[in-house]
Amino acid sequence: MPIAVDIDVMLARRKMSVGELAERVGITPANLAVLKNGRAKAVRFTTLAALCEVLECQPGDLLRYEPDHASAETATNPA
């Protein structure tokens with residue numbers, strides 16, 4: 001997945017635990033773990049907004065695009 005999730009970075013900067021963040025955002029620690037480990041297929045804007053509010057950050061502080069090498073090669077060298 002070319003979208004990288006940097007929730008761990010913001011948690012460390014804010015000196016906050018996963019459990020505390022999950023409670024303050026209103027999601028389960030298991031769902032937060034799926035998101036922060038990059039296994040989520042989607043994220044609701046309401047959840048993203050709540051994460052940003054609690055962590056006092058912007059969406060770009062939590063998510064970044066890292067193109068797959070195979071996808072990038074296919075785009076530049078179509079068959």
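Report follows, based on the coordinates. (Residues numbered from 1 in each chain as written. Predicted model: local features only at pLDDT ≥ 70, side-chain atom pairs only at ≥ 80, totals over all residues. Heavy atoms only, no water.)

Those residues of helix H4 (residues 45-55) not exposed but buried are Thr47, Leu48, Ala50, Leu51, Cys52, Val54 and Leu55. For H4, the elements touching its buried residues are helix H1 (7-14), helix H2 (18-25), helix H3 (29-36), helix H5 (59-62) and strand E2 (63-65). Backbone geometry just after H4 places Glu56 at a positive phi near 55°. (Buried < 20%, exposed > 50% of the residue type's maximum accessible area, 1.4 Å probe, protein only. Helix = DSSP H or I, 4+ residues; strand = E, 2+ residues; numbered from the N terminus. Contact = heavy atoms within 4.5 Å.)

Scanning the model with the defined rule gives 4 salt bridges in all. One salt bridge connects Glu20 with Arg24, and the closest N-O pair in it is separated by 3.4 Å. Here Arg24 and Glu20 lie together in helix H2, a separation of 4 residues that amounts to about one turn. For Arg64, the salt bridge is made with Glu66, and the minimal N-O distance between the two is 2.1 Å. (Salt bridge = Lys/Arg side-chain N within 4 Å of Asp/Glu carboxyl O.)

By themselves, these are just geometric observations and shouldn't be taken as functional.
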